[in-house]
Amino acid sequence: MNDFWIAPSILSADFARLGEEVANVLESGADVVHFDVMDNHYVPNLTIGPLVCEALRKYGVTAPIDVHLMVKPVDRIIPDFLKAGASYITFHPEASEHIDRSLQLIKDGGAKCGLVFNPATPLDVLEYTLAKVDMILLMSVNPGFGGQKFIPYVLDKARKVREMIDNSGRDIRLEIDGGVGPANIAEVARAGVDTFVAGSAVFGAGQAGDPNRYNSIIQAM
Ligand code: DX5
Ligand code: ZN
């Protein structure tokens, strides 16, 4: 099992001070920057693109940037995120016409690749992709917004995927995304998750402008 990673989702950050916000959470102990890309087509919201990823790299962010593509189609935007410095690029299988080709596009570009499963999306496609993915992301909310309630049945899915990963003998990160915070993170970890996305739980903490506002929430997780 990998060591635990906390991956704050910048969807809930103060975008007027994004560089500082990301530097603060990383200084407070976060491991990865979870970067939510939404196109107002695959999900009913519109967020950020490769330019912002590039800007974070230029600002000096060296931590892994975990790009979660909630876009359709997928392939056209992958090269731009590879150029912009994405470390992980994950996408929803429903959003790709050719899942294996999209995964290979990410790998060939030097990033780690992964698939994202909405709460009700079955895991079947892992039968043919477990040998290729570096990350499996389980949505514990329906994608599109931060601050939603954790969907508990996803814990069973996490247990199943943990068993699949362990049986595969491959080094694959199991990430969960949506409604995770100090109150439920231990239960989620017990289900076999090793990478925890948290948006509102992290960026909703503390007083705006306080450089140490995230210390306690990150440590609590
Ligand atoms: C939702 C995004 C999540 C979201 C998590 O579609 O993929 O990453 O920002 O936010 P919280 O932790 O507030 O549920
Ligand atoms: Zn996400």
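Residues numbered from 1 in each chain as written. Chains lettered and ligands numbered in written order. Predicted model: local features only at pLDDT ≥ 70, side-chain atom pairs only at ≥ 80, totals over all residues. Heavy atoms only, no water.

1. Considering the site of ligand 1
Ligand 1 sits among 20 residues. The nearest are Asp36, Gly144, Asp177, Gly199 and Ser200. Within the contact set of ligand 1, an oxygen atom lies 3.4 Å away from a side-chain nitrogen or oxygen of His34. A total of 380 Å² of accessible area belongs to ligand 1 in isolation, and the protein chains cover 100% of it. Looking at the shell around ligand 1, the elements with two or more residues in it are β2 (33–38), β3 (65–70) and β8 (195–198). Per element, the largest residue contribution to the shell around ligand 1 is three residues, and it comes from β2. Residues of the shell around ligand 1, tallied by class, amount to eight nonpolar, ten polar and two charged. (Near = heavy atom within 4 Å. Polar contact = N/O pair within 3.5 Å; in protein donor to acceptor, adjacent residues only side chain to side chain. Areas by Shrake-Rupley, 256 points an atom, 1.4 Å probe, with all protein chains shown as cover. Helix = DSSP H or I, 4+ residues; strand = E, 2+ residues; numbered from the N terminus. Nonpolar A, V, L, I, M, F, W, Y, C, P; charged D, E, K, R; others polar.)

2. Regarding the pairing of strand β5 (residues 112–117)
Looking along a regular strand, one sees the side chains alternate between the two faces of the sheet. The element β5 is largely enclosed, with a buried count of five among its six residues. Of the pairings in the sheet, the one linking strand β4 (residues 88–91) to β5 comprises four bridges and is parallel in character. Looking at the pairing, Ile89 lines up with Cys113 of β5. Since β4 and β5 lie parallel, the crossover through helix α4 (residues 99–108) that links them has a hand, and here it is right-handed. Where β5 and strand β6 (residues 135–139) come together, four bridges link them in parallel fashion. (Buried < 20%, exposed > 50% of the residue type's maximum accessible area, 1.4 Å probe, protein only. Pairing = 2+ DSSP bridges. Right-handed = clockwise from strand over helix to strand, strands pointing away.)

3. Re unusual backbone geometry
The residue after Lys72, namely Pro73, is reached through a cis peptide bond having omega -5°. Positive phi values are uncommon outside glycine, yet Asn40 reaches one of about 55°.

4. Considering the sheet that holds β2
Here eight strands make up an open sheet; going across it, the order is β1-β8-β7-β6-β5-β4-β3-β2 and the pairing parallel. In this open sheet, the two strands that pair with only one neighbour each are β1 (5–8) and β2. Here the strands of the sheet are splayed against their neighbours by 25° on average, with no regard to which way each runs. (Axes fitted to C-alpha atoms, helices over the stretch in contact; angles between N-to-C directions.)

5. Structural notes on the nonpolar core
With 69 residues, the main nonpolar core has Ile10, Phe35, Leu69 and Ile136 as its most contacted residues. Among the elements that make up this core, the one with the highest residue count is helix α6 (residues 154–168) (five residues). Trp5, Ala7, Tyr88 and Met135 belong to the second largest nonpolar core, which has six residues in total. (Core = buried A, V, L, I, M, F, W, Y, C linked by side-chain atoms within 4.5 Å.)

6. Some remarks on the UniProt feature "binding site: substrate" (unreviewed entry) in the protein
UniProt feature "binding site: substrate" (unreviewed entry): in the numbering of this structure it lies at Ser9, His68, Gly144, Phe145, Gly146, Gly147, Asp177, Gly178, Gly179, Gly199 and Ser200. If you trace the backbone, Asp177 turns up in strand β7 (residues 173–177). By relative accessible area, which is 7% here, Asp177 ends up buried. In this view, Asp177 contacts His34, Asp36, His68, Leu137, Leu138, Met139, Ser140, Val141 and Val197; residues no more than four positions away in its chain are not counted. In this structure the side chain of Asp177 is engaged in a polar contact, spanning 3.1 Å, whose partner is the side chain of His34. (UniProt positions renumbered as here; feature names shortened; annotations may be inferred. Contact = heavy atoms within 4.5 Å.)

7. Some points on the packing of helix α1 (residues 18–27) against helix α2 (residues 50–59)
Taken N-terminus to C-terminus, the directions of α1 and α2 make an angle of 65°; their axes are 10 Å apart at the nearest point. Crossing angle aside, the handedness with which α1 passes α2 is right-handed. In this structure, α1 uses Leu18, Gly19, Glu20, Val22 and Ala23 to contact α2, whose residues at the interface are Val52, Leu56 and Tyr59. (Left-handed = near helix turned anticlockwise from the far one by under 90°.)

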